[in-house]
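Understanding the architecture of this molecule
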Amino acid sequence: MRSKTTPIIIAIMIPLISVAVALALVYFKKSASDGVSAFPYSDYMASPKNLSGNVYSLKAELEMQLSRIPSKGRVVSVRDEKRHKFAVLIPDGLDVNAQTKQRYDMDVKVGSDGEIIVCSMRKY
Amino acid sequence: MKRTFFSIFAAFLSVSAFSQGAHWIQQQGAAVQSQTVPAAPQAADSGVSSVSAKAPAGGFFESATGERMADKIFDTEKDSFDLEDGTLNWKGKTFNIGNSRMVRARFERYLSMPVDTQNFNKYQGILSEIAARLSASNDNLPDEAVRACWSRLFDAAEYDVDGQSSLTIANLVYLAWRMRGEYDVAKMEEREQMAAVKEAQFKAKERAEFMEYASDKIAKMNSSKNASTRKRTEGTADIAYRVQDLQKEVVELATKNTFREATATKAVLQFQSQVLAFLIERKFQQAQIASMFYRHIYRGNVQEMKVGNDQLKDLFPVSNFVATVDTFENVATEARKDVRDGMAAVNALYDSGETYGALQRLMETFAIGEFDPLLAVFPYEKKKVLHKLYRDMSALKSLSDSRDWGTMEKILEEFEKVAPDFPSKEALAKIRAAQRISEMHVMAAKQAAALGKPDDVKKSLAAAMEAWPLNPSIADFNADLVGLASGASKYIQKFDELLARKNYREIAAEAPEYAIAMRQDAERSESLKKIVVKMSQIDSLIAQAEEFEKQNNKYFAWDLLDGARIIDPQDPKLALALARLAPEVSDYVKMLGRAKNAEDAKDFAAALNYYLAAQEIFPASRSCRLGIERVAPKYVK
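What this report covers is the structure whose coordinates are included nearby. In this text, all values refer to a predicted model and were calculated from it rather than measured experimentally.

1. A few points about the overall build of chain A
Scanning chain A for helices and strands turns up two helices and five strands. In sequence order, chain A lays out its α and β elements as α-α-β-β-β-β-β. A total of 124 residues make up chain A; the buried ones form 35% of that total. The long-range fraction of contacts in chain A, counting pairs at least 24 apart against all pairs at least 6 apart in sequence, stands at 43%. As displayed, chain A has an accessible area near 7,800 Å², and 59% of this comes from carbon and sulfur atoms.

2. Examining the pairing of strand β3 (residues 85–91) of chain A
Residue and element names in this part refer to chain A. Extensive coverage of β3 is indicated by the burial of seven of its seven residues. Side chains of β3 alternate between two faces, with K85, A87, L89 and P91 and F86, V88 and I90 buried alike. Relative to β3, strand β2 (residues 73–80) runs antiparallel, the two sharing seven bridges. Within β3, the residue paired with V78 across the bridge is F86.

3. Some details on the pairing of strand β1 (residues 55–69) of chain A
All names here are of chain A. Two elements, β1 and strand β4 (residues 103–110), share seven bridges in a ladder whose sense is antiparallel. Bridge pairing in β4 places E61 opposite R103. Pairing of β1 with β2, which is carried by eight bridges, proceeds in the antiparallel orientation. Note that in β2 the partner of Q65 across the bridge is V76. What sits between the antiparallel neighbours β1 and β2 is a turn of three residues, in which S71 has the positive phi angle 65 degrees.

4. Quick word on the interface of chain B and chain A
At the junction of the two partners, chain B supplies 18 residues and chain A supplies 23 residues. In this assembly, chain B packs against chain A so that about 1,600 Å² is buried in total across both faces, 60% of it on carbon and sulfur atoms. Broken down residue by residue, the surface that chain B buries against chain A is led by N609, Y635 and V636 of chain B, which jointly contribute 33%. The interface formed by chain B and chain A contains three salt bridges. The salt bridge partner of E616 of chain B is R79 of chain A, with a shortest N-O separation of 2.7 Å. The interface formed by chain B and chain A includes nine residue pairs in polar contact (both at pLDDT 80 or more). Elements with a minimum of two residues in the side of chain B that touches chain A: α26 (586–600) and α27 (604–617) of chain B. Sorting elements by how many residues they give to the side of chain B that touches chain A places α27 of chain B first, with nine residues. Class assignment of the residues belonging to the side of chain B that touches chain A gives a composition of twelve nonpolar, two polar and four charged.

5. Overview of the pattern of salt bridges
With the rule as written, the count across this model stands at 30 salt bridges over all chains. Taking the shortest distance from any N to any O, the salt bridge between K388 of chain B and E414 of chain B comes out at 3.2 Å. Within this pair, whereas K388 of chain B is found in helix α15 (residues 380–402), its partner E414 of chain B is found in helix α16 (residues 405–418), the two being separated by 26 residues in sequence. For K388 of chain B, a relative accessible area of 36% puts it in the partly exposed group. E510 of chain B is the partner of K494 of chain B in a salt bridge, and the nearest nitrogen-oxygen pair spans 2.8 Å. Of this pair, K494 of chain B sits in helix α20 (residues 488–500) while E510 of chain B is found in the loop between α21 (504–509) and α22 (511–517), placing the two residues 16 residues apart along the sequence. One salt-bridge network, held together by shared partners, links E63, R79 and K85 of chain A together with E616 of chain B.

6. A short note on the packing of aromatic side chains
Between two aromatic rings, the relevant description is the distance of the centres plus the angle of the planes. One pass over the structure, following the stated rule, counts 22 aromatic pairs over all chains. Judged by centre distance (5.2 Å) and plane angle (20 degrees), the ring pair of F548 of chain B and F556 of chain B falls under stacked. For F548 of chain B, a relative accessible area of 25% puts it in the partly exposed group. Plain terms: the ring middles of Y555 of chain B and F618 of chain B are 5.7 Å apart, the flat faces sit at 25 degrees to each other, and that makes the pair stacked. With a gap of 63 residues between them, Y555 of chain B in helix α24 (residues 554–567) and F618 of chain B in the loop between α27 and α28 (622–631) connect regions that are remote in the sequence. Taken together, the aromatic side chains of F39, Y41, Y44, Y56 and F86 of chain A make up a single cluster linked through ring pairs. In this arrangement the basic side chain of K59 of chain A is found over the ring face of Y124 of chain A, its NZ or CZ atom lying 5.2 Å from the centre.

7. Here's the deal with the side chain of E63 of chain A
Residue and element names in this part refer to chain A. Of note, E63 is situated in strand β1. Assessed through its relative accessible area of 17%, E63 is described here as buried. The contacts of E63, once residues within four sequence positions are left out, are S77, V78, R79, K85, T100 and K101.

8. Quick look at the environment of L541 of chain B
Residue and element names in this part refer to chain B. Its location among the elements puts L541 in helix α23 (residues 522–550). L541 sits 19 residues away from L560 along the chain, and the two C-alpha atoms are 6.0 Å apart. With near-sequence residues (within four places) excluded, L541 lies in contact with L560, L561, A564 and I567.

9. Describing unusual backbone geometry
Outside of glycine, negative phi angles account for most residues, and trans bonds account for most peptide bonds. Phi is positive for R83 of chain A, which is not a glycine, with a value near 70 degrees. When you line up the elements, R83 of chain A lands in the loop between β2 and β3. Notably, K502 of chain B is not glycine yet its phi reads approximately 55 degrees, a positive angle. Locating K502 of chain B in the fold gives a position in the loop between α20 and α21. Overall, K502 of chain B belongs to the partly exposed group, its relative accessible area being 46%.

Rules and cut-offs
- Every chain is numbered on its own, with residues counted from 1 as its sequence reads.
- Starting at A for chains and at 1 for ligands, labels are handed out in the order in which the entities are written.
- In keeping with the model being predicted, local features are shown solely for residues with a pLDDT of at least 70 and side-chain atom pairs are shown and tallied solely at 80 or more, while totals for entire chains, interfaces and linings include all residues.
- The side-chain figures draw on all heavy atoms in the structure; neither hydrogens nor water molecules are used.
- Secondary structure elements are taken from DSSP: a helix is a run of H or I of four residues or more, a strand is a run of E of two residues or more, and numbering for both begins at the N terminus.
- Under the scheme applied here, a residue whose accessible area is under 20% of the maximum for its type counts as buried, over 50% as exposed, and between as partly exposed, the area being computed with a 1.4 Å probe on protein chains only.
- Any two residues having at least one pair of non-hydrogen atoms within 4.5 Å are treated as being in contact.
- All accessible-area figures derive from a Shrake-Rupley calculation using a 1.4 Å probe, and residue coverage is judged against the displayed protein chains alone.
- Between any two strands, at least two bridges found by DSSP are needed for them to pair.
- In short, buried area is how much 1.4 Å probe accessible area vanishes from two parts on joining, totalled over both.
- Any carboxyl oxygen of Asp or Glu that lies within 4 Å of a side-chain nitrogen of Lys or Arg is treated as forming a salt bridge with it.
- A 3.5 Å cut-off defines polar contacts: any pair of N or O atoms within that distance qualifies, except that in protein one atom must be a possible hydrogen donor and the other a possible acceptor, and neighbouring residues in sequence count only when both atoms are side-chain atoms.
- Here the nonpolar group is Ala, Val, Leu, Ile, Met, Phe, Trp, Tyr, Cys and Pro; Asp, Glu, Lys and Arg are the charged ones; every other residue, Gly included, is treated as polar.
- Two rings from Phe, Tyr or Trp (for Trp, the six-membered ring) form a pair when their centres are within 6.5 Å of each other. A pair whose planes differ by under 30 degrees is stacked, one over 60 is edge-to-face, and the rest are tilted.
- Geometrically, a charge over a ring is one whose NZ (Lys) or CZ (Arg) sits within 6 Å of the ring centre while staying within 35 degrees of the ring normal.

Spelled out as structure tokens, the structure:
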């Protein structure tokens, strides 16, 4: 004889399983991006060239364009979440519509002369 | 006499000349345009001079009238001592003071004379005693009492402070008495003469009557004998002789009468003249005492003034005014009251530390009461202090004429200690303004010299001398010019050495000298000009930085100094200013230093971020802005 309670249990389990799956997806996704650490401003200011070649994630707000270097890109000043102000280069090849006063989640790379080059960026 | 009276007053009031030192302050300092010294406050009457004030109004017509008129006309509130116009208002009359060296010298002599206070109180006691005995209330004083007062005058004359003036009064009284004696003798002779006239009249009458009787008798006898009658002539010569004798006696009587009246008039005139002389000489106490003696020696109509009427009428401008000897006494009393009040003010001011005010009041009081005992016993220690102040004020006048501001400044600075009430602050401000103007002209002359403009040098130096002829900077500059004329080659060599060491600051310090030495050398002159301009710019920026620093805008100050470094990074004065300010703005300096080092090392990316960090500390930083503008285009190689 089939139990009358089985359909109810199934009905409860389905959303629970869905939530668990969703959380797992989020967790795994985050773990994948944690491979890139946040931009270490203090270390950079202490010795910019020491960070050459490293890639970092950077969440910051675009403040203003400082200069445009032909065939290279735009030098803009940004302010990170700790309100530090510094300059990054947004290369021309990076197809993004960067706007001031907007916050972006960026991947940046420190160049050989200590320049900070944006590799990717997206609003957040 | 009228002119004499006023001229004497004008002379003794010309003490205003003493105030020329302070007067200079009004002229040169322009701070005090027209200073009028208020009249000394009126103090309570006392002592000798109060005697006449106590005269009974009902008993003595002249005295009461004099008092009332004195109160009415003597408006002491209007007394003033106008130093600017050289005039003095005393008792409603304006006197021309003028500039009397003699009076000034007398005042100096007075200030420098040591005081002999030999029993001054005893001396004043004698005079008070005399005044009290002779006061108007003792109208019917016996001659013995007057004589006792007279003898006391000799006691008073023993004191140095009296200056023998009591002796003068005593002699005057004695002379009056002697003349009165002569008058009495003349009166007696006149009486004898009158008796002789009466006797001669009687004899002439008796003889005439006898002749009339004899003539009638003879006529009656002859009429019966002889029809023809003949007039008798015996006795006519005798009558004529007797009439002649009578006439002679009458004439002699008239002569003696005239002589007696002349003697009396002479005595009165002599006494009144002496009282007037005391008044004119400002010997008011003597005038008072002499007037009192006069009142007791002469009475009734003789009280009326026979001399000095015109002078007194000027002080009492009433048409029907009858001047009496009491009028003299009133004037003297009023003047002595002024002197007493003046000296009270002098002492009060001096004791409260207002020595300048004390000297002013003393000068005014001296003008009126030069011979008053109160002035004579003014303490020598105070006089010494006031004498020094007076001499310094006189020196100020001559120094101001020669525009020796430097010495004047020293004196005025000293005045702030010894005479804090002296209006020296305004004078000092004017002096310093004149000094600065002169210094500015000297600076202009130096700059003109640096630019090789001899005409401008001359003009500027002339202007500097006009403002301050004894400006030491002018002498220094001239000395430098003279030295330069003989040592041009030495200066050129020195210039080249300093230029090679880039010691621009030292070159700029002697720019005028170099300019003159190298005025024929266009190339070096051009270099010198550039250096002077550079140093001026740096000095200007340093001055601005100091101003910002004072306003607590230290980052601004640093920014200006940092900007000056572009002009001459090795300037020692600038380096000193930077070193002094650096600890105050160390965070900013540190970051900016890093940025510049990175920029110099061509690490433009790092330099840009350092500039941005420095800008975070001082957002208005010009150095950061310019640095960012420079390195941002070089962010990526």
